[in-house]
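Here are the chains, one letter per residue:
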Amino acid sequence: MKFPAQNKLLGLVAALAILSAGSAQAALVNAGFETGDLTSWNSFGDSITVVTTDPNTGAYHADLSADDADPNYAGMYQDQAASGGQLWNGSIWARLVSSPGGNAMIRLKLEFIVGGSPVQIDDALLTTVSGSYTQLTVSGIAPVGATIARLTPVVELNGELGSMQGFFDDAALTLIPEPAAITMLAPAALMLIRRRRV
Ligand SMILES: [Ca+2]
C-alpha cells in the first residue's frame, strides 16, 4: 500500500458520514405544518386544527384548544423508530394564546414506547400567556426495550375551569449520534489529516 494513512482516513470519513446519515433519518415529516393539514401527525383530545392565524415560520401552524368538558386536553404526536440507549432531542415552538391559569399549561413530552406503552422521559412546560412564540426543548435516553421515540405537544387544563388555546410550529425530534463514537473517531481523523500535510 502506497497511501495507507489516506485509506484509513477515507474509512473514518465514511464512518462519520454513516453516523450523520443516521441522525438525518430522524427528521420529522410536516414539522412546520406547511402541508396545511395534520399529515404525519396523530391527534387526540379536544380540538386540533392547522390554520394561518399566526405561524412561527411559513404559512401554517397547529392550533390546539381544550375546554373543561371531558377530556380536558388536546394533543398530537409523531414517532420515529428508536432503540434502547439512544439519545434523542426534541423541540417545538409554542405560544400559549389563552389560559384560565392555575394548573393549565402547554406541555411538550418526550416519550418512548416500551412493550407497547408510552414512557415519559422528559417534559417542558409553558404556563404564561404570550403574544410571541417560545421554543420548548426536551432530551432523554431511550430506555432498554424502547422501539419508538415520540414527541407529544399537548394543551392541558389539568382540572382548571374554562378553556385554553395554544399555537405550535416547527417541531423537531432528532437522534443524537453516540458521543463516544464521535470522540473516538474525530481525533484519529484529525491526526491523519495533519500527518498527510507534513
Ligand atoms: Ca409553519
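Residues numbered from 1 in each chain as written. Predicted model: local features only at pLDDT ≥ 70, side-chain atom pairs only at ≥ 80, totals over all residues.

## Description of the overall build of the chain
Going by this rule: Runs of H or I in DSSP of at least four residues are treated as helices and runs of E of at least two as strands, each being numbered from the N terminus. Put plainly, a residue is buried at 20 or more neighbouring C-beta atoms within 10 Å of its own, exposed at 12 or fewer, and partly exposed in between, counting only other residues' C-beta atoms, which are placed from the backbone. Contact between two residues is assigned whenever their backbone-derived C-beta positions fall within 7 Å.
Along its length, the chain carries two helices and ten strands. Secondary structure elements of the chain, listed N to C terminal, follow the sequence α-β-β-β-β-β-β-β-β-β-β-α. Evaluated residue by residue, the chain yields a buried proportion of 31% over its 198 residues. Nonlocal contacts in the chain, meaning residues at least 24 apart in sequence, comprise 75% of its contacts between residues at least 6 apart.

## A short note on unusual backbone geometry
The residue after D70, namely P71, is reached through a cis peptide bond having omega 20 degrees. Assignment of secondary structure puts P71 in the loop between β3 (61–67) and β4 (73–81). Positive phi outside glycine occurs at F33, with the angle close to 60 degrees. Counting through the fold element by element, F33 comes out in the loop between α1 (4–24) and β1 (42–45). A positive phi angle, near 75 degrees, is found at S40, a position not held by glycine. Relative to the helices and strands, S40 is located in the loop between α1 and β1. Residue class for S40 comes out partly exposed when judged on the 13 C-beta atoms lying within 10 Å of it.

## Quick look at the nonpolar core
Applied cut-off: Here, a nonpolar core denotes buried Ala, Val, Leu, Ile, Met, Phe, Trp, Tyr and Cys residues that are linked to one another through C-beta atoms within 7 Å.
Ranked by size, the top nonpolar core spans 39 residues in total, and within it W88, I92, A94, V155 and F168 carry the most contacts. Counting only elements with at least two residues in this core, the list comes to β3, β4, β5 (87–98), β6 (105–114), β7 (117–126), β8 (134–141), β9 (146–156) and β10 (163–176). Dropping the residues within four chain positions of it, F168 is found in contact with H61, A62, L64, I92, W93, A94 and P153.

## Side note on the sheet that holds β5
Our working rule: A pair of strands counts as paired when DSSP detects no fewer than two bridges linking them. Only the contacting stretch of a helix is used when fitting its axis, a line to C-alpha atoms as for every element, and angles between N-to-C directions run 0 to 180 degrees.
Taken in spatial order, the five strands line up as β2-β3-β10-β5-β8 in an open sheet, and their pairing is antiparallel. Every interior strand has two partners, whereas the edge strands, β2 (47–51) and β8, have only one. Adjacent strand axes in the sheet meet at a mean angle of 30 degrees, parallel and antiparallel pairs treated alike. Bridge count between β3 and β10: six bridges; the pairing is antiparallel.

## Quick notes on the sheet that holds β1
Ordered in space as β1-β4-β9-β6-β7, the five strands form an open sheet in which the pairing is antiparallel. On the outer flanks of this sheet lie β1 and β7, each paired with one strand and no other. Taking each pair of neighbouring strands and ignoring which way they run, the sheet shows an average axis angle of 20 degrees. As defined by bridge partners, β1 adjoins β4 across four bridges and the pair is classed as antiparallel. Counted as the bridge partner of F44 is G75 from β4.

Distances and angles like these do not, on their own, reveal function.
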